[in-house]
Amino acid sequence: MNVYLDNAAATPLSASMKGYLSSLLDLCGNPSSLHSAGAKTAKIVSEARCLAAEFIHADPDDIFFTPSGSAANTLAIKGITSENPPVNKFKVFCTPTSHKSMLEACASCPDHELLHVTPEGAADLSHLEYRLAQHDKYHKDVKPLVCIEAANSEIGTINDIPAIGSLVHRYHGILAVDATGYIPSLPISVKAWKDHVDILTFSGHKLRALKGCGVLWKQKNITLRPLIYGSQERGLVGGTENVLAIASLGKALRDYSYASISSAGRDHVYGHIMKYIPDSYPVGAPVESARRLPCNLYMCFRGIEGESLMILLDLNGIQVSTGSACISKSLSPSSALFAIGMKKEDIHSCIRFSFSGAETKEELEYICEVLTRCVASLRSPGVLIPK
């Protein structure tokens, strides 16, 4: 049996998506060309833009396609800061639980600072308010730019974006939100968040689209300077559009249903772990709470190496990860685990299960059986654990 439990890293394509993409393979026109072949691909890009806008309740004119979610984050931060005229000075704030693309873009800014997070991994609102108040008191000529994830896709903790946005705007700042980890599980309306969020980004391959297409939405009053120059995306993102990836995003969003998102499979596996696998505990917000993504389960199995467990599960047909894909090839743990104060001896003993919500009863039972056997095997090296 094969069970894919790394949906937070990338999602599989449906049969209908594969069929749709196959029908587009003969389209060769450049969307910027004025002939009929170009008009066909331009129409596909335009329709996808409208579908992306509809998905987050936005105006299509405020949607921009980028080569990835990381590119969208970089454009949001660097497009505001270093590329703007010197008169537009910014102090950049970021949480250490943010995606690597956001963290490194913020770190490249001349004036940047990491904010505190709670032991669950959420932004510490008291500390945020304190730092914004201090900044406003001594640096009124420098606008705060706060960059944050709507939810951390590694440990699953959800941030209170309206509360954060209210604080940021109280101190005349700009809030940029990376929604890539959040939006596959929970719907977003930028109309509902219009008084809280100034820029929002997400990536298509977490929503059952192809890799290679990110989305940036911004309020009309936010000015960004391009990082890649050209005429595409109204001059904001240069380079010929990745029509196939953009088309897949449009179809994925049109077909997407939050009704299929369920915590039932996650809860079943979690209940089994807590009952039958001792010395294990969840990392992040409580599994049963609304402060955690419904398909996320990030567990520490004390006394074993997470990478060894991941490999052993893979050999049994179960694909999981040791954390966010952006850091999984490095032996260094993510900044999120340090930021929440996790014990050093436990940091390398973690596994992330990210469910689709469509797992069958048979698959869930298989996961529980194999996981129990693999953990026991790693904790008792040399002892053969029967299948």
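Nothing here was measured: the structure is a model prediction, and the numbers come from that model.

Caption draft 1: Expanded view of the sheet that holds strand 9 (residues 280–282). Reading across the sheet, the 3 strands line up as 9-10-12 and stay open at both edges, with antiparallel pairing between neighbours. For this open sheet the edge positions go to strand 9 and strand 12 (350–354), each flanked by a neighbour on one side alone. On average, each strand axis in the sheet is inclined to that of its neighbour by 25 degrees, with strand direction left out of account. Across 3 bridges, the pairing between strand 9 and strand 10 (residues 296–301) is antiparallel. By the bridge assignment for strand 10, Ser280 is matched with Phe301.

Caption draft 2: Summary view of the nonpolar core. Ile56, Phe301 and Phe353 are the most contacted members of the largest nonpolar core, which totals 81 residues. With 8 residues, helix 12 (residues 361–379) is the largest single contributor of residues to this core. One finds Phe90, Ala105, Cys147 and Leu224 within the second-largest nonpolar core, a separate group that totals 24 residues.

Caption draft 3: Representation of unusual backbone geometry within the structure. Positioned with a positive phi, Arg208 is a non-glycine residue whose angle comes to about 75 degrees. With respect to the helices, strands and loops of the structure, Arg208 is situated in the loop between strand 7 (199–203) and strand 8 (214–218). Despite not being glycine, Arg234 has its phi angle at roughly 55 degrees, a positive value. Looking at the element boundaries, Arg234 is found in the loop between strand 8 and helix 7 (243–255).

Caption draft 4: Here's a closer look at the packing of aromatic side chains. Per the stated rule, a full pass over the model turns up 4 aromatic pairs. Taking 5.9 Å as the distance between ring centres and 20 degrees as the angle between the ring planes, the aromatic pair formed by Phe55 and Tyr258 counts as stacked. Residue Phe55 is located in helix 2 (residues 36–55), and its partner Tyr258 is located in the loop between helix 7 and helix 8 (264–276); the two are separated by 203 residues in the primary sequence. On the accessibility criterion, Phe55 (14% relative accessible area) is buried. Between the aromatic rings of Tyr182 and Trp193, the centroid separation amounts to 6.0 Å while the plane-to-plane angle is 55 degrees, which identifies the pairing as tilted. Taken together, the residues span a long stretch of sequence, with Tyr182 in the loop between strand 6 (174–178) and strand 7 and Trp193 in the loop between strand 6 and strand 7 at a distance of 11 residues. Overall, Tyr182 belongs to the buried group, its relative accessible area being 11%. Members of the aromatic cluster, connected to one another through ring pairs, are Phe55, Tyr256 and Tyr258.

Caption draft 5: Expanded view of helix 4 (residues 100–107). Of all the residues in helix 4, the buried ones are Ser101, Met102, Leu103, Ala105 and Cys106. Structurally, helix 4 contributes buried residues whose contacts are with helix 3 (69–78), strand 3 (90–94), strand 4 (112–114), strand 5 (143–149), strand 6 and helix 10 (335–339).

Caption draft 6: Structural context of the environment of Ala42. Topologically, Ala42 is positioned in helix 2. Linking Ala42 and Glu154, residues 112 residues apart in sequence, is a C-alpha distance of 36 Å.

Caption draft 7: Quick peek at the side chain of Asn73. As for its position among the elements, Asn73 is in helix 3. Judged by its relative accessible area of 3%, Asn73 falls in the buried class. In this structure, Asn73 is in contact with Ser101, Met102, Asp178 and Thr201, ignoring residues within four places of it in sequence.

Caption draft 8: Expanded view of the pattern of salt bridges. Taken as a whole and assessed by the stated rule, the structure comprises 16 salt bridges. As a salt-bridge pair, Glu120 and Arg291 come within 2.8 Å of each other at their nearest N and O atoms. In this pair, Glu120 is assigned in the loop between strand 4 and helix 5 (125–138) and Arg291 in the loop between strand 9 and strand 10, connecting sequence segments 171 residues apart. Given a relative accessible area of 22%, Glu120 falls into the partly exposed group. For Arg170, the salt bridge identified is with Glu129, shortest N-O distance 2.8 Å. Of this pair, Arg170 sits in helix 6 (residues 161–170) while Glu129 sits in helix 5, and the two are 41 residues apart along the sequence. Given the relative accessible area of 48%, Arg170 is considered partly exposed. Judged by its relative accessible area of 30%, Glu129 falls in the partly exposed class.

What counts, and where the lines are drawn
Residues numbered from 1 in each chain as written. Predicted model: local features only at pLDDT ≥ 70, side-chain atom pairs only at ≥ 80, totals over all residues. Heavy atoms only, no water. Pairing = 2+ DSSP bridges. Helix = DSSP H or I, 4+ residues; strand = E, 2+ residues; numbered from the N terminus. Axes fitted to C-alpha atoms, helices over the stretch in contact; angles between N-to-C directions. Core = buried A, V, L, I, M, F, W, Y, C linked by side-chain atoms within 4.5 Å. Buried < 20%, exposed > 50% of the residue type's maximum accessible area, 1.4 Å probe, protein only. Phe/Tyr/Trp six-rings, centres within 6.5 Å; stacked < 30°, edge-to-face > 60°. Contact = heavy atoms within 4.5 Å. Salt bridge = Lys/Arg side-chain N within 4 Å of Asp/Glu carboxyl O.

Treat this as a map of the structure, not an account of what it does.
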